[in-house]
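Working through the structure, step by step
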Amino acid sequence: MRVLLALAGPACCLFLAASLAHTEDSSDRMAVVGGPKMGAVDLSTGQWAWKRNGWGEAWTGAPGPNAVAWLAPEQGGLECVELETGASKWRLEGSPLGLPAGPTRWIAREGRTLSAVSLQTGETVWKTTLDADIDDVRPPAIAADDDAVFVHVREGLVALEMKDGAVRWEREGRGFERLKLVHGGLYACAKYAGTPAYVRRIDRATGKEYWRCEIQTDLEPAAAFAWGAPTITLVSSAPWGDSGWTHALDAATGKVCWSSDRTTVGVWADAGGARAWIASPPDLRVVDTASGEGSAIDSLERDGAAFLLDGNRMLVADWERGSCGVGLRAYDAATCEKLWTAIVQGIEVPHSEYWHRVRLERIGPRLVLIGESAGGSYVNVIDPATGTVTLSNALK
């Protein structure tokens, strides 16, 4: 090989470089983005590779040379496209709103009818018409995985089998508007005027209540439970000014293990469940999940947070849900020592446009921070070893 390169000279080197660039999988250099526009961003340039106008959600499947993405417009519908080009593989025209349920299904609603669509083919797998009105088919009014679909209906809760849409059980009553699956357990939380907030765990096989925990508070529970360790589940108030609460509940009994007078806006628990990183403004804390004992390792003022464990680094992104502020830091996952702070760029959002979310992803060799906001979306590519931002671009 050395002899051939020497003989061929620079032309051969250029050919080899072009060939290597060409063979890079699109899933290693494409970031899928939703928000005011849906599409894929080429991370080598920071520009749209392709896009669709209009609000919606977008996500991608397994990486590889034939990777695909799915687009779900806000007004309804679903489209599967080639990740590389955006070319349509199939489209559900005029279909109702829905959500992905595991890697293979899309759950949609039309009136009282729920249907499951194959994400691979676009074909309808089953349809089930319920006896009660369905208020919504988006989280937190629905929770689904590979096994079952749990959906809040008017004055009740219904569980359907994912394989065929058969009704597993039905339960009457209030308090199922906010549903969450945590480590396979089904939870519901509610708060009504003049009553305590309460959390309950429901047997996903039968619909019976395992336990109910009342929380004396005037603040609404968050629409979604925080992620927790297998034996501890965190539930928190929704972000609201300087007030808040967080309770750690024993997943088996519902007993309160420990409490905090702060809202939790993000949690990551290690694989064994013994330790958790908790974003509770104004601090980032690392605590023992069973006792809550621990300490603040850094300040954290913003009201949104996401975690990504990248080898021995814990990456923490924080952002303002109602404006354009965003930040990114890395810590040693074992010692909690701060390694770097990245100078990431967001997008300017007018004060009246209150919507902003951020996610962290490893896409091929790149660490990527993606922001989606009411004013537009943006992308930052960061060197995970140093925190240097190698690319930052607002997407028009």
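Residues numbered from 1 in each chain as written. Predicted model: local features only at pLDDT ≥ 70, side-chain atom pairs only at ≥ 80, totals over all residues. Heavy atoms only, no water.

Helix and strand content of the protein chain: two helices and 33 strands. Looking at the protein chain as a whole, 50% of its 396 residues are labelled buried. Sequence separation of at least 24 residues holds for 39% of the intrachain contacts in the protein chain that already meet a minimum separation of 6. For the protein chain, the accessible surface area stands at approximately 18,500 Å², while carbon and sulfur atoms represent 52% of it. (Helix = DSSP H or I, 4+ residues; strand = E, 2+ residues; numbered from the N terminus. Buried < 20%, exposed > 50% of the residue type's maximum accessible area, 1.4 Å probe, protein only. Contact = heavy atoms within 4.5 Å. Areas by Shrake-Rupley, 256 points an atom, 1.4 Å probe, with all protein chains shown as cover.)

What the four strands build is an open sheet, ordered S11-S12-S13-S14; its pairing is antiparallel. Looking along the sheet, the strands with just one partner apiece sit at the ends: strand S11 (142-144) and strand S14 (167-172). On average, adjacent strands in this sheet sit at an angle of 10° to one another, irrespective of strand direction. Of the pairings in the sheet, the one linking S11 to strand S12 (residues 148-153) comprises three bridges and is antiparallel in character. Bridging across to S12, Ala144 finds its partner in Val149. (Pairing = 2+ DSSP bridges. Axes fitted to C-alpha atoms, helices over the stretch in contact; angles between N-to-C directions.)

Our next topic: the side chain of Ser236. Positionally, Ser236 belongs in strand S19 (residues 232-236). Engagement of the side chain of Ser236 in a polar contact is seen with the backbone nitrogen of Thr264, the distance being 2.9 Å. (Polar contact = N/O pair within 3.5 Å; in protein donor to acceptor, adjacent residues only side chain to side chain.)

So, on to the sheet that holds strand S31 (residues 366-373). With antiparallel pairing, four strands are arranged side by side in an open sheet as S30-S31-S32-S33. The sheet is open, and its two edges are formed by strand S30 (356-363) and strand S33 (389-395), each paired on a single side. Direction aside, neighbouring strands of the sheet carry axes that sit 15° apart on average. As defined by bridge partners, S31 adjoins strand S32 (residues 376-382) across seven bridges and the pair is classed as antiparallel. What sits directly across from Gly371, in S32, is Tyr378.

As a further point, take the confidence of the model for the protein chain. With 87% of its residues at a pLDDT of 70 or more, the protein chain has an overall mean of 85. Mean pLDDT across the elements of the protein chain bottoms out in helix H1 (residues 2-8) (31) and peaks in strand S29 (residues 338-342) (98). Here residues 1-22 is modelled with pLDDT under 50, and outside its nearest four sequence neighbours on either side it reaches three contacts, counting other chains as well. (pLDDT = per-residue confidence, 0-100.)

In this structure the tally under the stated criterion is 23 salt bridges. The closest approach of N and O atoms between Asp318 and Arg329, which form a salt bridge, is 3.6 Å. Highlighted residues: Asp318 in strand S27 (residues 313-319) and Arg329 in strand S28 (residues 326-332), separated in sequence by 11 residues. Per residue, the accessibility class of Asp318 equals that of Arg329, and both read buried. Salt bridges linked by common partners bring Glu57, Arg357, Arg359, Glu361 and Glu372 together as one network. (Salt bridge = Lys/Arg side-chain N within 4 Å of Asp/Glu carboxyl O.)

On to the nonpolar core. Formed by 18 residues in total, the largest nonpolar core has its most connected members in Leu328, Trp340, Leu369 and Ile382. Every element with two or more residues in this core is listed here: strand S26 (304-310), S27, S28, S29, S30, S31 and S32. Look past the residues within four positions of Ile382 in its chain and what remains in contact with it is Leu328, Trp340, Ala342, Val344, Leu367, Leu369, Gly387, Thr388, Val389 and Thr390. By size, the runner-up hydrophobic cluster in this structure holds 16 residues, among which are Leu114, Val149, Val153 and Leu160. (Core = buried A, V, L, I, M, F, W, Y, C linked by side-chain atoms within 4.5 Å.)

Our focus in this paragraph is the environment of Asp147. Looking at the secondary structure, you find Asp147 in the loop between S11 and S12. In this structure Asp147 comes out as partly exposed when scored by relative accessible area, which is 35%. Sequence spacing of Asp147 and Lys163 is 16 residues, and the spatial spacing of their C-alpha atoms is 7.3 Å. Those residues in contact with Asp147, other than ones at most four positions away along the chain, are Leu160, Glu161, Met162, Arg168 and Arg204. Separated by 3.0 Å, the side chains of Asp147 and Arg168 make a polar contact.

With that out of the way, let us pick up the state of the cysteines. For the structure shown, the criterion picks out zero disulfides. Cysteine Cys257 remains unbridged, with the sulfur of Cys213 as its closest cysteine sulfur at 9.8 Å. (Disulfide = S-S within 2.5 Å.)

Here we come to unusual backbone geometry. The omega torsion across Pro281 and Pro282 is 20°, close enough to zero to call that bond cis. Mapped onto the elements of the fold, Pro282 is located in the loop between strand S23 (275-280) and strand S24 (283-288). Of note in the backbone geometry, Cys336 takes a positive phi value of approximately 70° without being a glycine. Structurally, Cys336 can be placed in the loop between S28 and S29.

This brings us to the pairing of strand S10 (residues 124-129). Across five bridges, strand S9 (residues 113-118) lies against S10 in antiparallel orientation. Counted as the bridge partner of Ala116 is Trp126 from S10.

We now examine the environment of Asn312. Turning to its location among the elements, Asn312 is positioned in the loop between S26 and S27. Linking Asn312 and Tyr331, residues 19 residues apart in sequence, is a C-alpha distance of 8.5 Å. Every residue in contact with Asn312, bar those within four places of it in the chain, is listed here: Tyr331, Asp332 and Ala333.

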